[in-house]
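Structural description and commentary
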Number of protein chains: 2
Amino acid sequence: MIRVMSRTPRHPTREQIELPLVLDCLSDPIRLAIVYQLAQQEPVSGELCCGDFNGLAGKSNLTYHFAKLRECGLMLTRVAGTNRFMRLRREDLEARFPGLLDAVIRSAAKDADRLQHLSECEVVKVD
Amino acid sequence: MIRVMSRTPRHPTREQIELPLVLDCLSDPIRLAIVYQLAQQEPVSGELCCGDFNGLAGKSNLTYHFAKLRECGLMLTRVAGTNRFMRLRREDLEARFPGLLDAVIRSAAKDADRLQHLSECEVVKVD
DNA sequence: CAATTGGTTCAAGAACTATTGAACATTATG
DNA sequence: CATAATGTTCAATAGTTCTTGAACCAATTG
């Protein structure tokens, strides 16, 4: 059996994004923290790579959560050399579920001090 | 052991409502359908009772899902005779997570024809 | 080319979730 | 009071999800 790890993994098309899967993905504290950190990065490059989340969980566990986030359509993975850069699929999500991602991120920001794994992130001011 | 079933069950306070639990609750297709139907009922009484959801699952399974929805703070159960009336905790949710519930309900309405259990609900026009 | 860095894959186990049916509790009705 | 209607509780089960560590792959660096 051949195992290839260098190709860009598969992502669902915009139309294949499903609401229950997205909500389920966001309901895990670690994945919520990943999404939150990616959202915070948007004013800058919008991208983070796996290593940037080392505080959240072990490497293989992170790979597992990244796969979930990718497969439900929340984020996109771009392979570049030995790194994988990830970003939120904001346009696709906005097209499918208007206002949802922002509502979740704002809710997470509001509760940042309560949510495990988010405490260590910079807190974004939300009037 | 005494089993009491006549009292109003416990609900979390507004402040006890937690984002990951709410999202997890909404990620189940049956529970999403329950929330959706409750939302559709809001222009009328806002209330539905257990029997109104008989199409979604068996009775004991519904009781299970109702408990989850109650315990995460999404809905409120009021005991009245042999019935239990349920309504969304819209004000509390809006206070804790502004815009979240509406974003989810609108997303569900948009995908009503795709989501299991929602097809049988009346479709609400969302410009 | 050897070693390092960055990340994936696989297998296994613990923990949790959803579903079902039978027994039960509570209230309303004839 | 007996019966029906409405919904809950409990136990069992099948399936799913998260987590971990060891082995691995690919690209970069010395």
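Here is what the cut-offs are and how they apply
Residues numbered from 1 in each chain as written. Chains lettered and ligands numbered in written order. Predicted model: local features only at pLDDT ≥ 70, side-chain atom pairs only at ≥ 80, totals over all residues. Heavy atoms only, no water. Axes fitted to C-alpha atoms, helices over the stretch in contact; angles between N-to-C directions. Helix = DSSP H or I, 4+ residues; strand = E, 2+ residues; numbered from the N terminus. Parallel < 35°, antiparallel > 145°, perpendicular 65-115°, else oblique. Contact = heavy atoms within 4.5 Å. Nonpolar A, V, L, I, M, F, W, Y, C, P; charged D, E, K, R; others polar. Near = heavy atom within 4 Å. Polar contact = N/O pair within 3.5 Å; in protein donor to acceptor, adjacent residues only side chain to side chain. Buried < 20%, exposed > 50% of the residue type's maximum accessible area, 1.4 Å probe, protein only.

1. A word on the packing of helix H2 (residues 29–41) of chain A against helix H3 (residues 59–71) of chain A
Residues and elements named next belong to chain A. Closest axis-to-axis distance for the H2/H3 pair is 10 Å, and the angle between their directions is 70°. It follows from the interaxial angle that H2 and H3 lie roughly perpendicular. Counting all contacts with H2, which are made through Ile30, Arg31, Ile34 and Val35, the residues of H3 involved are Asn61, Leu62, Tyr64, His65, Phe66, Lys68 and Leu69. When its residues are assigned to classes, the contact of H2 with H3 shows seven nonpolar, two polar and two charged.

2. Some points on the protein's contact with DNA strand D
The environment of DNA strand D is made up of 26 residues, and the closest members are A:Arg31, A:Tyr64, A:His65, B:Lys59 and B:Thr63. For DNA strand D, the fraction of protein-proximal atoms (within 4 Å) that sit in sugar or phosphate groups is 71%. A distance of 3.0 Å is found between a base oxygen of DNA strand D and a side-chain nitrogen or oxygen belonging to A:Ser60. Side-chain polar atom of A:Asn61 to a phosphate oxygen of DNA strand D: 3.3 Å apart, as the coordinates give it. Of all elements in the fold, only H2 and H3 of chain A together with helix H3 (59–71) and strand E3 (83–88) of chain B reach the threshold of two or more residues within the surface near DNA strand D. Sort the elements by how many residues they give to the surface near DNA strand D and H3(A) lands first, with five residues. Residue composition of the surface near DNA strand D, grouped by class: eight nonpolar, 11 polar and seven charged.

3. Considerations on the environment of A:Leu69
All names here are of chain A. Looking at the element boundaries, leucine 69 is found in helix H3. Using a relative accessible area of 0% as the deciding quantity, one classes leucine 69 as buried. Residues leucine 69 and histidine 11, spaced 58 residues apart in sequence, show a C-alpha to C-alpha distance of 9.7 Å. Each residue touching leucine 69, except ones within four places of it in the same chain, is listed here: Cys25, Arg31, Ile34, Val35, Leu74 and Met75.

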